[in-house]
Amino acid sequence: MKYVQNEFENTYEEKKSKFIAYFMPYDRFDEVMKNLKEKHPKARHFVYAYRFLNQFDQIVENCSDDGEPRGTSGKPSLAVLSGAQIINTAVIIVRYFGGVKLGTGGLVRAYSSSVNEVINISELFEYKKLIDKQLYCEYSELSKLEYLLKEENINIKSKEFLTNITLNIELTLIEWEELLIKLPINIKT
């Protein structure tokens with residue numbers, strides 16, 4: 001599964017109609033939709049589709065045709081996201097009508113192509129299920145531990161400096177199991 005971390009935009013034209021696709025992380029969906037409606041007051045349709053993982057690791061998906069004939073825009077857009085195995089991501093397609101009716105098949109092709117094109121120009125990242133763990137060390141061990149974590153590409157979320165040092169880290173379960181083997185004996189988990 002893949003996701004985006006930034007916003008991307010691409011314009012697709014079909015028989016004088018403009019389809020401007022905005023591709024973004026799901027958590028920015030509401031904000032971007034509001035901004036697009038202000039930025040494009042003359043646009044006819046704001047079609048969207050999104051997929052995200054909920055707290056139970058289930059994929060939640062939704063879409064809207066926003067006034068286009070039923071099933072001709074939102075569902076095809078969602079099908080492209082699903083087919084590309086994209087999660088935690090949303091797409092909004094702003095349509096300006098060009099005066100020529102595309103028909104149901106033409107709309108399906110136009111919206112699908114619009115989403116495919118914005119995906120093609122986007123930077124996608126491989127999704128990993130992260131867990132939070134803590135490591136405890138003496139002050140004298142901190143630099144060695146930080147070096148090891150950097151070498152293993154493990155993110156340090158925070159550090160607490162008390163009698164000992166607590167590092168809050170995030171990583172995958174497999175990375176955690178591999179790290180346990182590499183940790184010095186005096187580092188506690």
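Residues numbered from 1 in each chain as written. Predicted model: local features only at pLDDT ≥ 70, side-chain atom pairs only at ≥ 80, totals over all residues. Heavy atoms only, no water.

Chemist: Give me the lowdown on the packing of aromatic side chains, citing residues and values where you can.
Modeler: Inspection of every chain in the model, using the stated rule, returns 10 aromatic pairs. Pairing Phe 29 with Tyr 48 gives two aromatic rings, centres 5.0 Å apart and planes at 65°, and the pair type is edge-to-face. Of the two residues, Phe 29 is situated in helix 1 (residues 29-39) and Tyr 48 in strand 4 (residues 45-53); the sequence distance between them amounts to 19 residues. Note that Lys 37 overlies the ring of Phe 46, its terminal NZ or CZ placed 5.6 Å from the centroid. (Phe/Tyr/Trp six-rings, centres within 6.5 Å; stacked < 30°, edge-to-face > 60°. Helix = DSSP H or I, 4+ residues; strand = E, 2+ residues; numbered from the N terminus. Lys NZ or Arg CZ within 6 Å of the ring centre and 35° of its normal.)

Chemist: Describe the packing of helix 2 (residues 74-83) against helix 3 (residues 103-120), naming the residues involved and giving the relevant values.
Modeler: The axes of two packed helices give the description: the angle between them and the distance between them. Relative orientation of the contacting elements helix 2 and helix 3 amounts to 35°, with a least axis distance of 8 Å. Along this stretch, helix 2 crosses helix 3, giving a crossing that reads as right-handed. Along its contact with helix 2, which presents Pro 76, Ser 77, Val 80 and Leu 81, the element helix 3 presents Val 108, Tyr 111, Ser 112, Val 115, Asn 116 and Ile 119. Among the residues making up the contact of helix 2 with helix 3, the classes are represented as seven nonpolar, three polar and no charged. (Axes fitted to C-alpha atoms, helices over the stretch in contact; angles between N-to-C directions. Left-handed = near helix turned anticlockwise from the far one by under 90°. Contact = heavy atoms within 4.5 Å. Nonpolar A, V, L, I, M, F, W, Y, C, P; charged D, E, K, R; others polar.)

Chemist: I'd like a rundown of the nonpolar core, residues and numbers included.
Modeler: Formed by 21 residues in total, the largest nonpolar core has its most connected members in Phe 19, Phe 23, Leu 81, Val 91, Ile 93, Val 115 and Ile 119. Listed by contribution, the elements that provide at least two residues to this core are strand 2 (8-14), strand 3 (17-25), strand 4, helix 2, strand 6 (89-96) and helix 3. In terms of residues, this core owes the most to one element, helix 3, which gives six residues. (Core = buried A, V, L, I, M, F, W, Y, C linked by side-chain atoms within 4.5 Å. Buried < 20%, exposed > 50% of the residue type's maximum accessible area, 1.4 Å probe, protein only.)

Chemist: Can you lay out the environment of Glu 61 for me, pointing to particular residues and giving the numbers?
Modeler: Secondary-structure assignment places Glu 61 in strand 5 (residues 59-64). Accessibility expressed as a relative area gives 40% for Glu 61, which makes it partly exposed. Ignoring sequence-local partners within four residues, the contact set of Glu 61 consists of Tyr 50, Arg 51 and Leu 78. Within the structure, Glu 61 has its side chain in polar contact with the side chain of Arg 51 (distance 2.8 Å). (Polar contact = N/O pair within 3.5 Å; in protein donor to acceptor, adjacent residues only side chain to side chain.)

Chemist: An account of the pattern of salt bridges is needed here, citing residue identities and associated values.
Modeler: Scanning all chains against the criterion turns up nine salt bridges. With a closest N to O distance of 3.8 Å, Lys 34 and Glu 38 form a salt bridge. Of the two residues, Lys 34 and Glu 38 are both situated in helix 1; the distance of four residues between them amounts to about one turn of the helix. Owing to a relative accessible area of 54%, Lys 34 belongs among the exposed residues under this scheme. Here Glu 61 ties to Arg 51 by a salt bridge, and the two come within 2.8 Å at their closest N and O atoms. Note that Glu 61 is positioned in strand 5 and Arg 51 in strand 4, a separation of 10 residues in sequence. Since its relative accessible area comes to 7%, Arg 51 is described here as buried. (Salt bridge = Lys/Arg side-chain N within 4 Å of Asp/Glu carboxyl O.)

Chemist: How would you summarise the side chain of Asn 168 if you had to cite specific residues and measurements?
Modeler: Note on placement: Asn 168 falls in strand 10 (residues 165-171). Separated by 2.7 Å, the side chains of Asn 168 and Gln 134 make a polar contact. Among the polar contacts listed, one links the side chain of Asn 168 to the side chain of Glu 160, at a separation of 3.4 Å.

Chemist: Can you lay out the pairing of strand 4 for me, pointing to particular residues and giving the numbers?
Modeler: Judged by how many residues are buried, strand 4 sits mostly within the fold: nine of nine residues are covered. Along strand 4, one buried face is formed by His 45, Val 47, Ala 49, Arg 51 and Leu 53 and the opposite face, lined by Phe 46, Tyr 48, Tyr 50 and Phe 52, is buried too. Pairing of strand 4 with strand 6 involves seven bridges; the strand directions are antiparallel. Within strand 6, the residue paired with Phe 46 across the bridge is Val 94. Relative to strand 5, strand 4 runs antiparallel, the two being bridged by six bridges. Residue pairing in the sheet places Tyr 48 in a bridge with Ser 64 of strand 5. Counting the residues that bridge the hairpin from strand 4 to strand 5 gives five residues, and of these Asp 57 lies at a positive phi of roughly 60°. (Pairing = 2+ DSSP bridges.)

Chemist: Any chance you could break down unusual backbone geometry for me, citing the residues and the numbers?
Modeler: Although it is not a glycine, Lys 15 adopts a positive phi angle of roughly 45°. With respect to the helices and strands, the residue Lys 15 is situated in the loop between strand 2 and strand 3. Even without being glycine, Gln 85 reaches a positive phi, approximately 55°. Position of Gln 85 relative to the elements: it lies in the loop between helix 2 and strand 6. A relative accessible area of 48% means that Gln 85 is categorised as partly exposed.

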